[in-house]
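# Fold and geometry: a report
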Amino acid sequence: MAKNTVKLLDVVALTVDLPEYNLWRGQVGTAIELLADGAAFEVEFCDRNGRTYESVGLQKRANHGVVL
């Protein structure tokens, strides 16, 4: 992660493709839950109407997202 700490409601951009979730590098979501004492976090991805189309748990050590 470019910034070491993800906080609740941070805006997060994917740094890798996650085809199993139909998510691609550069897509932007919101950190909606901190998990495992901050070692992981859940990111919600919404459409232009504010409807959630995917919610994915990411591990910080895997470097799948960057806080904007």
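### Some remarks on the sheet that holds strand β4 (residues 52-59)
If you walk across this open sheet you meet the 5 strands as β4-β3-β2-β1-β5, and the pairing is antiparallel. On the outer flanks of this sheet lie β4 and β5 (65-67), each paired with one strand and no other. On average, each strand axis in the sheet is inclined to that of its neighbour by 40°, with strand direction left out of account. Relative to strand β3 (residues 40-46), strand β2 (residues 28-35) is paired through 5 bridges, and the arrangement is antiparallel. Residue pairing in the sheet places Thr30 in a bridge with Glu44 of β3.

### Thoughts on the environment of Asn22
Secondary-structure assignment places Asn22 in the loop between β1 (11-14) and β2. The class for Asn22 is exposed, based on a relative accessible area of 52%.

### Observations regarding the nonpolar core
In this structure, Val6, Val12, Leu14, Leu18, Leu23, Ala31, Phe41, Val43, Phe45, Val56, Leu58 and Val67 together form the largest nonpolar core, which totals 12 residues. At the level of secondary structure, the elements contributing two or more residues to this core comprise β1, β3 and β4. With 3 residues, the top contributor of residues to this core is β3.

Cut-offs and rules
- Residues numbered from 1 in each chain as written.
- Predicted model: local features only at pLDDT ≥ 70, side-chain atom pairs only at ≥ 80, totals over all residues.
- Heavy atoms only, no water.
- Pairing = 2+ DSSP bridges.
- Helix = DSSP H or I, 4+ residues; strand = E, 2+ residues; numbered from the N terminus.
- Axes fitted to C-alpha atoms, helices over the stretch in contact; angles between N-to-C directions.
- Buried < 20%, exposed > 50% of the residue type's maximum accessible area, 1.4 Å probe, protein only.
- Core = buried A, V, L, I, M, F, W, Y, C linked by side-chain atoms within 4.5 Å.

On their own, these measurements won't tell you what the molecule is for.
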